[in-house]
Amino acid sequence: MSSSDIFIGETIGTAILILLGGGVCAAVTLKASKARNAGWLAITFGWGFAVLTAVYTSAPLSGAHLNPAVTLALALKKDGIEWSDVPVYWGGQLLGAMIGAALVWVAYYGQFHAHLTDREIVGQPAKAAKTKSVEAREAAAGPVLGVFSTGPEVRVAWQNIATEVLGTIILVLAVLTQGLNGEGKGLGTLGALVTALVVVSIGLSLGGPTGYAINPARDLGPRIVHALLPLPNKGGSDWGYAWVPVVGPLLGAAVAAGIYNVAFA
């Protein structure tokens, strides 16, 4: 794979991942969406199908890492990818995540406006603080930030990091042991299905505490877009938490690669 193939494949694949994954979050969250309040099952399966679609689309070009944590693990894996390719993968993933988040805004433009101009949702701060919404409770988070990026139900840094580490270990071990193509440097055809189902499982089992980023680009790219978009009454982007869904998955990937190299390689 050439550097251009890697960059283009990761950009397209990650854009699809975030468009469909962020799209299901918007569908469940936003006022005037037909799927509003569809619940956690809709979100977890929506993200799983998003992974499946994105992997099948981008695998022929880049091997469909779509996640800096996966890329890091494959660089640490014995006979894995070249370290010189890591920045190319990461650059495509971050750009693709930002493009995907911007496309979610385009697709739900009217719903964002309706949601963020509704007094019941963005009314008095005191009223918002009494709601059960995580985004409303957290002072640094706006009412639609959850469409773009993740946030904790209980803000305890070490637990939030641990949750992201554990979820990423499961994801990366599944990729390394069951999901790779014949060259071992990207996802194969069957690996796409395996990975999608693992993502659903992680969401159902470990997604409750933090929203299961398990992917630094998936969280950071859309958070940047949230900060830049001209959304009325959007609130803050919660940059105080932003390091957790970046550091946690990278740590988890390093641990998973170490386990793989000792136990499986």
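Refer to the structure above for everything that follows.
For every chain, the first residue of the written sequence is number 1, and numbering continues from 1 onward in sequence order. For this predicted model, a pLDDT threshold of at least 70 governs which residues receive local features, and a threshold of 80 or more governs which side-chain atom pairs are given and counted, while totals over whole chains, interfaces and linings are taken from all residues. The side-chain numbers reported here are obtained from all heavy atoms of the structure, hydrogens and water having been left aside.

**Some remarks on helix α12 (residues 216-228)**
And step 1. Runs of H or I in DSSP of at least four residues are treated as helices and runs of E of at least two as strands, each being numbered from the N terminus. Under the convention used throughout, the expected extent of a helix is 1.5 Å for every residue step, that is, one less than its residue count. Spanning 13 residues, α12 covers 18 Å between terminal C-alpha atoms, matching the ideal 18 Å at 1.5 Å per step.
And step 2. Residues of α12 that are buried make contact with α1 (3-29), α2 (40-62), α3 (68-76), α4 (86-107), α9 (145-148) and α13 (244-263).
And step 3. Side-chain atoms alone can form a polar contact between residues adjacent in sequence; in general such a contact is a pair of N or O atoms within 3.5 Å, and within protein one must be able to donate a hydrogen while the other accepts it. N-cap assignment for α12: the residue whose side-chain oxygen lies 3.0 Å from the backbone N of A217 is N215. Contacts between residues were defined by any pair of non-hydrogen atoms, one from each residue, lying within 4.5 Å.

**Regarding a nonpolar patch on the surface**
And step 1. Patches draw on residues past 30% relative accessible area with no salt bridge. Two like charges within 9 Å are joined, as are two nonpolar side chains (Val, Leu, Ile, Met, Phe, Trp, Tyr) within 5 Å. Shrake-Rupley sampling with a 1.4 Å probe provides the accessible areas, and residues are treated as covered by the protein chains on show and by no other component. One speaks of a salt bridge when a side-chain nitrogen belonging to Lys or Arg is within 4 Å of a carboxyl oxygen belonging to Asp or Glu. Together, F7, I8, I12, L19, L20, L95, I99, L103 and V106 line one region of the surface with nonpolar side chains, adding up to about 690 Å² of accessible area.
And step 2. Of all elements in the fold, only α1 and α4 reach the threshold of two or more residues within the nonpolar patch.
And step 3. Sorting elements by how many residues they give to the nonpolar patch places α1 first, with 5 residues.
And step 4. The exposure class of L19 is partly exposed, given its relative accessible area of 30%. For the exposure calls, accessible area comes from a 1.4 Å probe over protein chains only, and a residue counts as buried if that area is under 20% of its type's maximum, exposed if over 50%, partly exposed in between.

**A few points about unusual backbone geometry**
Leave glycine aside and you will find that most residues have negative phi; peptide bonds, for their part, are mostly trans.
And step 1. Backbone geometry at N37 places phi at a positive 65°, although glycine is not the residue there.
And step 2. Relative to the elements of secondary structure, N37 occurs in the loop between α1 and α2.
And step 3. Even without a glycine there, the phi angle at D238 is positive, about 55°.
And step 4. Here D238 shows up in the loop between α12 and α13.
And step 5. Residue classification places D238 among the buried residues on the basis of a relative accessible area of 4%.

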